[in-house]
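If you want the building blocks of each chain, they are given just below.
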Amino acid sequence: MLGGTFDPVHLGHLRSAVELREALDLDRVHMIPASTPPLRGEPHVAPAERLALLRLGIGDTPGLTADPRELCRDGPSYSADTLASLRGELGERARLVMALGHDAFRRLADWHEPERLFALAHVVVIDRPGFEAPLPAALKALLAGREVGSPEALMARPAGSLLRLALPSRMVISATEVRRRLAEGRSVRYLLPEAVEARILAHGFYSGS
Ligand code: ATP
């Protein structure tokens, strides 16, 4: 699972998903847009449209899926509930991974039911350039004894461990920068898949007008 606001999806998300799948030899990466992210402001574009952009961005990429399950639930999008729903589908023995960038990871101890996240899945932290800040004490306590050093060690069990991954194509791209550029009328070419860029421009999303 790679959850996010995807406001909008960009090549940092998509390339990370492809490389994550390769690095861990995953069957699938479920990219799951949050309808109401609990720890941040209202997204700029409606959930159904963020999902449509994500679908366009994924296109026919093998192993990547735009998964709408959080958009079908009312209320805040808690990752623990999303993982429980995936676990219910895949069974107790499936190896389940929640991947997130280092910026999101730093706030993990503030998430809803953080211990339950580890009961349901492994946590994999993707290195993100520009987000190298140290971890808060509460997070260090939550992680105690969980860290493993390799994908093989992680995949030996269905859930409960932490792995940090430096993926080959670390990308500085952020949705914040994409939105800023669009609001200023500047180019976003090669930051997003072209089909995503075309839809955003056709609808005037993020234009600030
Ligand atoms: P914003 O700038 O609006 O905060 P974002 O670019 O961080 O958005 P999100 O949708 O919030 O995008 O991110 C979803 C997940 O993808 C998070 O775990 C985030 O850390 C991760 N992520 C986003 N961009 C990158 C990137 N360039 N490289 C690796 N991981 C990323």
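Scroll up for the structure.
Below or above, wherever it landed, is the structure these notes cover. Note that the structure is a prediction, hence the values are computed from the model and not measured. (Residues numbered from 1 in each chain as written. Predicted model: local features only at pLDDT ≥ 70, side-chain atom pairs only at ≥ 80, totals over all residues.)

This part is about unusual backbone geometry. The omega torsion across aspartate 7 and proline 8 is 0°, close enough to zero to call that bond cis. With respect to the element layout, proline 8 can be found in the loop between strand E1 (2-4) and helix H1 (11-24). Despite not being glycine, tyrosine 206 has its phi angle at roughly 65°, a positive value. (Helix = DSSP H or I, 4+ residues; strand = E, 2+ residues; numbered from the N terminus.)

Since there are 3.6 residues in each turn of an α-helix, residues three or four apart along the chain are aligned in direction. In a regular helix each residue adds 1.5 Å, so 12 residues correspond to 16 Å; helix H2 (residues 47-58) covers 16 Å between its end C-alpha atoms and thus fits that length. Those residues of H2 that sit buried are Pro47, Arg50, Leu51, Leu53, Leu54, Leu56, Gly57 and Ile58. Where H2 is buried, its residues contact H1, strand E2 (29-33), strand E3 (64-66) and helix H9 (194-203). Looking one or two residues past H2, glycine 59 carries a phi angle of roughly 55°, positive in sign. (Expected span 1.5 Å × (residues − 1). Buried ≥ 20, exposed ≤ 12 C-beta atoms within 10 Å, placed from the backbone. Contact = placed C-beta atoms within 7 Å.)

Let us look at the site of the ligand. In the region of the ligand, 18 residues are neighbours, and Gly4, Gly12, Gly101, Ala175 and Thr176 sit closest. Counting residues per element, the ones that place at least two in the shell around the ligand are H1, strand E4 (97-101), helix H4 (102-105) and helix H8 (175-183). When residues in the shell around the ligand are grouped by element, the largest group, three residues, is from H1. A breakdown of the residues in the shell around the ligand according to their chemical character gives seven nonpolar, eight polar and three charged. (Near = placed C-beta within 6 Å. Nonpolar A, V, L, I, M, F, W, Y, C, P; charged D, E, K, R; others polar.)

Running from N to C, H2 and H9 point in directions that differ by 150°, and their axes come no closer than 7 Å. With respect to each other, H2 and H9 are oriented roughly antiparallel. Seen from H2, the contacting residues are Leu53, Leu56 and Gly57; seen from H9, they are Ala195, Val196 and Arg199. Across the contact of H2 with H9, the residue classes tally to four nonpolar, one polar and one charged. (Axes fitted to C-alpha atoms, helices over the stretch in contact; angles between N-to-C directions. Parallel < 35°, antiparallel > 145°, perpendicular 65-115°, else oblique.)

Turning our attention to the pairing of strand E5 (residues 122-126). In terms of burial, E5 is a largely internal element, five of the five residues being buried. Burial along E5 is two-sided: His122, Val124 and Ile126 and Val123 and Val125, pointing in opposite directions, are all buried. As paired strands, E5 and strand E6 (residues 162-165) are joined by four bridges and run parallel to one another. Within E6, the position partnered with valine 124 by the bridge is leucine 163. (Pairing = 2+ DSSP bridges.)

Residues Met31, Met98, Ala99 and Ala121 are the most contacted members of the largest nonpolar core, which totals 46 residues. Of the residues forming this core, the biggest block, five residues, is contributed by H2. Look past the residues within four positions of alanine 99 in its chain and what remains in contact with it is Met1, Leu2, Leu20, Val124 and Ile126. (Core = buried A, V, L, I, M, F, W, Y, C linked by C-beta atoms within 7 Å.)

Okay, H8 next. Among the residues making up H8, those that are buried are Ala175, Val178, Arg179 and Leu182. When H8 is viewed along its axis, its buried side chains cluster within an angular range of 95° and face the same direction. In this fold, the buried residues of H8 make contact with H9. Residue glycine 185 follows H8 closely and has a positive phi angle near 75°. (Arc of directions from axis to C-beta.)

Read these as geometric descriptors, not functional statements.
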